[in-house]
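Residue strings, one per chain:
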Amino acid sequence: SLARRKNCVNFDLRYFYCNNYFGCNTKQKGGYPMPQDTIESIGPDKIDILIEKAVFGSDEIKNESRKQIRLIAKSKGIYPASIYSLYEACGKGLYRGITVPAINIRGMTYQVARAVFRAALKNKASAFIFEIARSEMGYTNQRPDEYAVCLLAAAIREGFTGPVFILGDHFQ
């Protein structure tokens, strides 16, 4: 129960966030939420091909590949999320004793995000933020849509489930 777990340093924030803020239809598997209705297994080669097309294809191919990645992510219980509600929960005392790191990826976004998700899964990290600043968008030539889709594809590829916290850094 939440009352028993709120003082635990290893409190599973992804499960908490999903069930309390998104009303996910989930069942527990290994401590993390898994969607009850999943599509058939998507092979790693398919995700690698889709993300390559989503970044380097023509506009039409980019759009279709990005749409497919979003649909696959959604079907696997992976969704872009704002960190606001998580901070709100912290302010209400629903969890404590953790740090939420923020990571800016300026190049090779898919590959770097894969490494982040692998490390998070290995260390049972519950929450971390991917950021991109307005200035970074200019000199890295990454638009928010491309950045978000690279993160979702990396989550799919590494078997991560739950919210993928994405933040526009230094926006006024």
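Structure's up top.
Because the structure is a prediction, the values reported are computed rather than measured.

**Student:** Mind showing me how you'd approach the overall build of the chain here?
**Tutor:** When helices and strands are tallied, the chain shows eight helices and six strands. Seen in sequence order, the chain has helices and strands lined up from the N terminus as α-α-β-β-α-α-β-α-β-α-β-α-α-β. The proportion of buried residues among the 172 residues of the chain is 42%. A total accessible area of about 9700 Å² is found for the chain, and carbon and sulfur atoms account for 52% of it.

**Student:** Would you explain the packing of aromatic side chains in this entry?
**Tutor:** Two aromatic rings, taken as a pair, are described by how far apart their centres are and by the angle between their planes. Under the definition given, this model contains five aromatic pairs. Look at Phe117 and Phe130: their rings are 5.3 Å apart centre to centre, the planes differ by 50°, and that puts the pair in the tilted class. With Phe117 in helix H6 (residues 109-123) and Phe130 in strand S5 (residues 129-133), the pair connects residues that are 13 residues apart, well separated along the chain. Here a set of aromatic residues connected by ring pairs shows up, and it is made of Phe117, Phe128, Phe130 and Phe160.

**Student:** What's the story with the environment of Ile69 in this structure? I'm lost.
**Tutor:** Inspection of the secondary structure puts Ile69 in helix H4 (residues 59-75). In this structure Ile69 comes out as buried when scored by relative accessible area, which is 0%. Taking the C-alpha atoms as reference points, Ile69 and Lys46, 23 residues apart in sequence, are found 10.0 Å from one another. Excluding residues that lie within four positions of it along the chain, Ile69 makes contacts with Leu50, Ile51, Ala54, Val149, Leu152, Ala153 and Ile156.

**Student:** It is not clear to me how the environment of Ile129 should be interpreted in this structure. Could you clarify?
**Tutor:** Structurally, the position occupied by Ile129 is in strand S5. Among the residues examined, Ile129 registers a relative accessible area of 3% and is labelled buried. In sequence terms Ile129 and Ile166 are 37 residues apart; their C-alpha atoms lie 5.8 Å from each other. Sequence-distant contacts of Ile129, that is, excluding residues within four places in its chain, are made with Ile83, Tyr87, Val100, Pro101, Ala102, Ile103, Phe165 and Leu167.

**Student:** Sorry, what's going on with unusual backbone geometry here?
**Tutor:** Negative phi characterises most residues that are not glycine, and trans characterises most peptide bonds. Look at Met108: it is not a glycine, yet its phi comes out positive at around 50°. Here Met108 falls in the exposed class, since its relative accessible area comes to 60%. At Lys124, a position not held by glycine, the phi torsion is positive, near 55°. Examined against the element boundaries, Lys124 turns out to sit in the loop between H6 and S5. According to the relative accessible area criterion, Lys124 is exposed, its value standing at 62%.

Quick notes on the rules
- Residues numbered from 1 in each chain as written.
- Predicted model: local features only at pLDDT ≥ 70, side-chain atom pairs only at ≥ 80, totals over all residues.
- Heavy atoms only, no water.
- Helix = DSSP H or I, 4+ residues; strand = E, 2+ residues; numbered from the N terminus.
- Buried < 20%, exposed > 50% of the residue type's maximum accessible area, 1.4 Å probe, protein only.
- Areas by Shrake-Rupley, 256 points an atom, 1.4 Å probe, with all protein chains shown as cover.
- Phe/Tyr/Trp six-rings, centres within 6.5 Å; stacked < 30°, edge-to-face > 60°.
- Contact = heavy atoms within 4.5 Å.

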